[in-house]
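# Observations on the three-dimensional arrangement
Each chain is listed here by its residues.
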Amino acid sequence: MKILQEVENEHVLMAPFVKEMMDTTYNMWKFGWDERNGGNISYLLTEEEIAPFIDTHRVLRTIPLDFPVTELANKYFIVTGSGKYFKNVIEKPEDCLGIIRVNADGNSIDLLWGLEKDAKPTSELASHFMSHIIRLKKDPKHRVIMHTHTTNVIAMTFTHELDEKAFTKTLWRMCTECIVVFPEGVGILPWMVPGTDLIGKETAKKMNEHRLVVWPHHGIFSAGESIDDAFGLIETAEKAAQVYMLVSSHQGGMKQAITDQQLLDLANVFGVTPAEKYM
Ligand code: 2HA
Ligand code: ZN
């Protein structure tokens with residue numbers, strides 16, 4: 001006979017947002033971006049989305065936050081767990097994922113489902129929450145923060161100068177559609193220790209102007225209105241970085257490239273405004 005918890009889990013696994021998290025983490029692992037416990041996702045949910053699947057009045061555990069997030073009070077998220085492997089989410093979602101709600105005072109979170117065996121939300125929760133706060137101010141439809149260890153973006157942070165304008169320009173010039181997908185360009189932090197409030201604050205500051213933030217020699221953060229949106233941004237930047245790594249290591253060197261005028265033509269036709277400071 002199945003115990004109640006298993007029956008409950010089966011019900012929660014029918015939620016579309018849980019399935020999206022399972023599929024996405026698996027895809028990201030398959031891309032080779034999320035080795036071991038690398039990467040984390042947080043996805044803002046509404047009470048109406050959650051209520052058909054879990055009892056929002058039943059709190060399993062309360063987890064204190066060492067950085068207050070009053071702006072996110074009473075908001076719900078599904079998050080990946082600290083130390084959990086993206087590879088394993090699809091098999092053990094109840095261990096690797098958690099549905100949480102920020103308390104009314106913004107000083108702690110209530111766990112409503114998942115993160116079994118006393119697991120904790122992602123070690124990068126500070127960067128996620130602080131970025132959510134900034135992006136929600138810019139875009140009321142914002143919902144997802146995603147972090148991953150994109151191989152070619154990381155490689156590029158060793159061989160390309162880390163100037164935001166130069167880095168963005170190179171990415172834009174590697175694939176025709178890049179400037180259309182991220183016309184605001186990428187932000188780049190200096191190398192910093194991950195998992196800290198400080199890197200969270202600095203990442204969020206960059207999120208004021210960008211939906212993509214590169215952490216040199218580590219990976220990338222994106223912000224999106226959906227999982228697809230956040231994933232698509234990273235996928236596009238990573239593709240451009242891959243092309244750059246192929247081209248820049250090619251013996252013959254680059255024989256031609258997309259010109260500044262062509263970038264402007266693209267922006268005009270697709271109706272996007274590239275960040276002026278990067279043109
Ligand atoms: O979750 O990716 O930056 C592990 C990480 C930390
Ligand atoms: Zn990381």
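All values derive from a computational prediction rather than experimental measurement.

### A few points about the UniProt feature "active site" (unreviewed entry) in the protein
UniProt annotation of "active site" (unreviewed entry) refers to Glu124 when read in the numbering used here. One can find Glu124 in the loop between strand 5 (108-114) and helix 6 (125-138). Not counting the four nearest positions on each side in its chain, Glu124 is found in contact with Asn40, His147, Pro194, Gly195, Ile199, Trp215, His218 and Phe221.

### With respect to helix 2 (residues 16-30)
Its 15 residues give helix 2 an end-to-end C-alpha distance of 21 Å, which sits within 8% of 21 Å, the value for a rise of 1.5 Å per residue. Residues Phe17, Val18, Met21, Met22, Thr24, Thr25 and Met28 constitute the buried set of helix 2. One or two residues past the end of helix 2 sits Gly32, with phi positive at roughly 80 degrees.

### Let's talk about the environment of Met22
Secondary-structure assignment places Met22 in helix 2. Classification of Met22 by relative accessible area gives buried; the value is 13%. For the pair Met22 and Asn74, spaced 52 residues apart in sequence, the C-alpha separation works out to 24 Å. Those residues in contact with Met22, other than ones at most four positions away along the chain, are Leu13, Val89, Ile90, Pro93 and Leu97.

### A look at the coordination of the zinc ion (ligand 2)
Looking at the zinc ion (ligand 2), the protein donor atoms are His147 (NE2), His149 (NE2) and His218 (NE2), and they sit 2.0 to 2.1 Å from it. Counting the intervening residues between successive donors of the zinc ion (ligand 2) yields the motif H-x1-H-x68-H.

### Examining the nonpolar core
Counting 55 residues, the largest nonpolar core has Phe17, Ile78, Met146 and Phe182 as the members making the most contacts within it. In contact with Ile78, not counting residues within four places along its chain, are Phe17, Val18, Met21, Ile41, Ser42, Tyr43, Leu45, Leu97, Gly98 and Ile99. Counting residues in hydrophobic clusters, the runner-up holds 30 residues, among them Phe77, Leu111, Ala204 and Ala223.

### A word on helix 8 (residues 164-174)
Buried residues dominate helix 8, accounting for nine of its eleven residues. Residues of helix 8 that are buried include every one of Glu164, Ala166, Phe167, Thr168, Lys169, Thr170, Leu171, Trp172 and Met174, and no others.

### Quick look at the layout of surface pockets
Looking at the largest pocket, its volume works out to about 190 Å³. Surrounding the largest pocket, 14 residues form its lining, Leu65, Asp66, Phe67, Thr122 and Leu125 being those nearest its centre. Mapped onto the lining of the largest pocket, the elements with two or more residues apiece are strand 2 (61-64) and helix 6.

### Quick look at the UniProt feature "binding site: Zn(2+)" (unreviewed entry) in the protein
With numbering aligned to this structure, UniProt lists the feature "binding site: Zn(2+)" (unreviewed entry) at His147, His149 and His218. Across 72 residues, the annotated set stays spatially compact, with a maximum C-alpha separation of 10.0 Å. Residue placement: His147 occurs in strand 6 (residues 144-148). Take His147: its relative accessible area is 1%, and that puts it in the buried class. In this fold, His149 is placed in the loop between strand 6 and helix 7 (151-159).

### Focus: the packing of helix 7 against helix 8
Running from N to C, helix 7 and helix 8 cross one another at 130 degrees; their axes reach a closest spacing of 12 Å. As far as their axial angle goes, helix 8 and helix 7 are oblique. With respect to the hand of their crossing, helix 7 and helix 8 are arranged in right-handed fashion. Counting all contacts with helix 7, which are made through Val153, Met156 and Thr157, the residues of helix 8 involved are Phe167, Thr170 and Leu171.

### Let's talk about the confidence of the model for the protein
Taken over all residues, the pLDDT of the protein has a mean of 97, while the share at 70 or more is 100%. Mean pLDDT values over the elements of the protein span from 86, in helix 1 (residues 4-12), up to 99, in strand 1 (residues 40-45).

### Here's the deal with the pairing of strand 8 (residues 212-215)
With burial as the criterion, each face of strand 8 is covered, one bearing Leu212 and Val214 and the other bearing Val213 and Trp215. Tracing the backbone out of strand 7 (residues 187-188), into helix 10 (residues 197-207) and back to the parallel element strand 8 gives a crossover that is right-handed. Across four bridges, the pairing between strand 8 and strand 9 (residues 219-224) is antiparallel. Note that in strand 9 the partner of Leu212 across the bridge is Ser222. What sits between the antiparallel neighbours strand 8 and strand 9 is a turn of three residues, in which His217 has the positive phi angle 60 degrees.

Calculation rules
- Residues numbered from 1 in each chain as written.
- Chains lettered and ligands numbered in written order.
- Predicted model: local features only at pLDDT ≥ 70, side-chain atom pairs only at ≥ 80, totals over all residues.
- Heavy atoms only, no water.
- UniProt positions renumbered as here; feature names shortened; annotations may be inferred.
- Helix = DSSP H or I, 4+ residues; strand = E, 2+ residues; numbered from the N terminus.
- Contact = heavy atoms within 4.5 Å.
- Expected span 1.5 Å × (residues − 1).
- Buried < 20%, exposed > 50% of the residue type's maximum accessible area, 1.4 Å probe, protein only.
- Donors = N, O, S within 2.8 Å, 3.2 Å for Na, K, Ca; no water.
- Core = buried A, V, L, I, M, F, W, Y, C linked by side-chain atoms within 4.5 Å.
- 1 Å grid on protein atoms, 1.4 Å probe; cavity = no way out; pocket = protein on both sides within 12 Å on 5 of 7 lines; lining within 4 Å.
- Points joined across faces, edges and corners; volume = space filled by probe spheres on them.
- Axes fitted to C-alpha atoms, helices over the stretch in contact; angles between N-to-C directions.
- Parallel < 35°, antiparallel > 145°, perpendicular 65-115°, else oblique.
- Left-handed = near helix turned anticlockwise from the far one by under 90°.
- pLDDT = per-residue confidence, 0-100.
- Right-handed = clockwise from strand over helix to strand, strands pointing away.
- Pairing = 2+ DSSP bridges.

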